Amino acid sequence: MGAEDTMKKLLLAFTTFAVLAAGCSAGGNAPADKPKEEAAGQEGAAKKRIALILPEKIGVNPFFQQMDEGAKKAGQEFGAEVKSIESTDHGAIEENLRVAVAENYDLIITSSFEAEDALKKVAAENPDRNFAIIDTVVDLPNVRSVTFREQEAAYLMGAAAGLATKTNKVGMVVAMDIPLLKKWTGGFQEGLKATNPNAEFLVNYVGSFSDPAKAKELALLQASKGADFINGAAAVGDLGVFEAAKEKGFYTSGQDVDRTTIDPEHIVLSQLKGTDAAAYETVKSFVEGSFKPGVVTYGLKEKGVGVTYVTHESQTPLNAFIGQEVVDKVKAISEEIIAGTRKVPDSF
């Protein structure tokens, strides 16, 4: 994102996370008469080799750093060799995928919409190889697509905002008005209506994933209209929303990882996405032999998404604007979604 690299270190961009039967028959699993620990420790053919192709360098974006950590943790626990390959830019993704194929990795994992086109090409050209992509869908018979039900966590965020607002005006600054982000805006609005049907919902679009100045301008506009809670969903632009909150004294929230640690006085919630869990489970399933192509989704039930204080602990104390009474009510809503007694639409 060019000049925004420093900001990207604080905020992540959206985006906005075993062998097949043929592999098993080829001798991928350990012999039945050997213990799992011995098999996992063997070198050579018994040790699965897994490549994680990241769309950018590790350390820039926590979204991908979590993924790297989850994959490597599973590799250590289940006796697989996991290598992360960083892409210097989006144009390098296809080249890195082809390198991983040439180096005969047993499973090649990549992530996000930036990698979709490259994976479609490389996977189609190598139908006998196993691939996975996290946080988007590539519909090919040799690809596992791992997606998230972000709308469930967004619903909880909206529900919390509806209960906490004192002005009955709640805002949201969103990166772009595109179908990909409807799960965030739609889920949030549904949750807000569920707990506070009288609340006014203000939404503005930045038009970019990397424009904090514009995002700040829009947040200030919403604050001037009386919004006391503004949900940041503008990727790198969230930095601008956070700055506006600090300047004007309204409350806000972050995305994907716990952002409350940046400014707990004003950033009072974060919507979470478990890219580490998705990568971990992908590696685990491959090594254990249950890996299959197709779409796998992670929501509240699978702990793939969540909200700070409600589904996950935070390093920072709960802000009084939200308060324990709101958290308890939203926890009950979360349990209803998990149980299936409260429905959140799949699309908007």
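Quantities reported herein were computed from a predicted structural model and do not represent experimental measurements.

Enquirer: Sorry if this is basic, but what is going on with the sheet that holds strand β12 (residues 305-307) here?
Expert: Pairing between the strands of a sheet is mediated by backbone hydrogen bonds and can be parallel or antiparallel. Strands sit in the order β7-β6-β8-β9-β10-β12 across an open sheet of six strands; the sheet is mixed. With partners counted over all chains shown, the strands left at the sheet margins are β7 (200-205) and β12, one partner each. On average, adjacent strands in this sheet sit at an angle of 15° to one another, irrespective of strand direction. Where strand β6 (residues 169-174) and β7 come together, six bridges link them in parallel fashion. By the bridge assignment for β7, V170 is matched with F201. Packed on one face of the sheet, helix α10 (residues 238-248) meets β6, β8 (229-233), β9 (251-256) and β10 (267-273) and runs near 160° to β9.

Enquirer: Please explain helix α9 (residues 212-224) as it appears in this structure.
Expert: Each turn of an α-helix holds 3.6 residues, which means side chains three or four residues apart point in the same direction. End to end, α9 covers 18 Å across 13 residues, agreeing with the expected 18 Å (1.5 Å per residue, within 8%). Within α9 the residues assigned to the buried category are P212, A215, K216, L218, A219 and Q222. The buried residues of α9 all sit within an arc of 165° when viewed along its axis, so they share a single face. Counted as exposed and oriented over 90 degrees from the buried face of α9: A213 and S224. At the exit of α9 stands G226, carrying a positive phi of roughly 105°.

Enquirer: I keep staring at the nonpolar core and nothing clicks. Help me out?
Expert: Note on soluble globular proteins: their nonpolar side chains tend to be buried together. Among the nonpolar cores identified, the biggest contains 63 residues, and I50, F188 and L269 are the most heavily contacted of them. Residue contributions to this core peak at nine residues, all from helix α7 (residues 150-164). Those residues in contact with L269 that lie beyond four places of it in its chain are M157, A160, F229, T252, S253, G254, T260, V307, T308, Y309 and I322. Core analysis: the second largest hydrophobic core is formed by 18 residues, A115, A118, F131 and V138 among them.

Enquirer: Looking at this structure, I do not really get the pattern of salt bridges. What am I missing?
Expert: When charged atoms on two side chains of opposite charge get close, those side chains can pair. Tallied over the entire structure, the rule returns 18 salt bridges. Where D177 meets K182, a salt bridge forms, and the shortest distance between an N and an O atom there is 2.9 Å. Taking relative accessible area as the criterion, K182 reaches 28% and is therefore assigned partly exposed. Residues joined in a network through salt bridges with shared partners are E94, R98, K121 and E125.

Enquirer: Got a minute to help me understand the sheet that holds strand β11 (residues 294-298) in this structure?
Expert: The sheet built from six strands is open, its strands ordered β2-β1-β3-β4-β5-β11 with parallel pairing. Edge strands, defined here as strands with exactly one partner in the open sheet, are β2 (81-86) and β11. Taken over all neighbouring pairs, the strand axes of this sheet differ in orientation by 20° on average, direction set aside.

Enquirer: I'm lost on the packing of α9 against α10 in this one. Help?
Expert: Each pair of packed helices gets described by two things: the angle between the helix axes and the distance between those axes. Direction vectors running N to C along α9 and α10 enclose 40°, while the axes themselves pass 7 Å from each other. Regarding the angle of α9 to α10, the classification is oblique. Between α9 and α10 the crossing geometry is right-handed. On α10, the residues touching P212, A215, K216, A219 and L220 of α9 are L239, G240, V241, E243, A244, E247 and K248. Among the residues making up the contact of α9 with α10, the classes are represented as seven nonpolar, one polar and four charged.

Enquirer: Explain the packing of α7 against helix α8 (residues 182-195) here, please?
Expert: The N-to-C vectors of α7 and α8 enclose an angle of 40°; their axes lie 6 Å apart at closest approach. The angle between α7 and α8 places the two elements in the oblique class. Once α7 is placed against α8, the crossing between them reads as right-handed. Across from E150, Q151, A154, Y155, M157, G158, A159, A161, G162 and L163 in α7, the residues of α8 making contact are K183, W184, G187, F188, E190, G191, L192, A194 and T195.

Reading guide: rules and limits
- Residues numbered from 1 in each chain as written.
- Predicted model: local features only at pLDDT ≥ 70, side-chain atom pairs only at ≥ 80, totals over all residues.
- Heavy atoms only, no water.
- Pairing = 2+ DSSP bridges.
- Helix = DSSP H or I, 4+ residues; strand = E, 2+ residues; numbered from the N terminus.
- Axes fitted to C-alpha atoms, helices over the stretch in contact; angles between N-to-C directions.
- Contact = heavy atoms within 4.5 Å.
- Expected span 1.5 Å × (residues − 1).
- Buried < 20%, exposed > 50% of the residue type's maximum accessible area, 1.4 Å probe, protein only.
- Arc of directions from axis to C-beta.
- Core = buried A, V, L, I, M, F, W, Y, C linked by side-chain atoms within 4.5 Å.
- Salt bridge = Lys/Arg side-chain N within 4 Å of Asp/Glu carboxyl O.
- Parallel < 35°, antiparallel > 145°, perpendicular 65-115°, else oblique.
- Left-handed = near helix turned anticlockwise from the far one by under 90°.
- Nonpolar A, V, L, I, M, F, W, Y, C, P; charged D, E, K, R; others polar.

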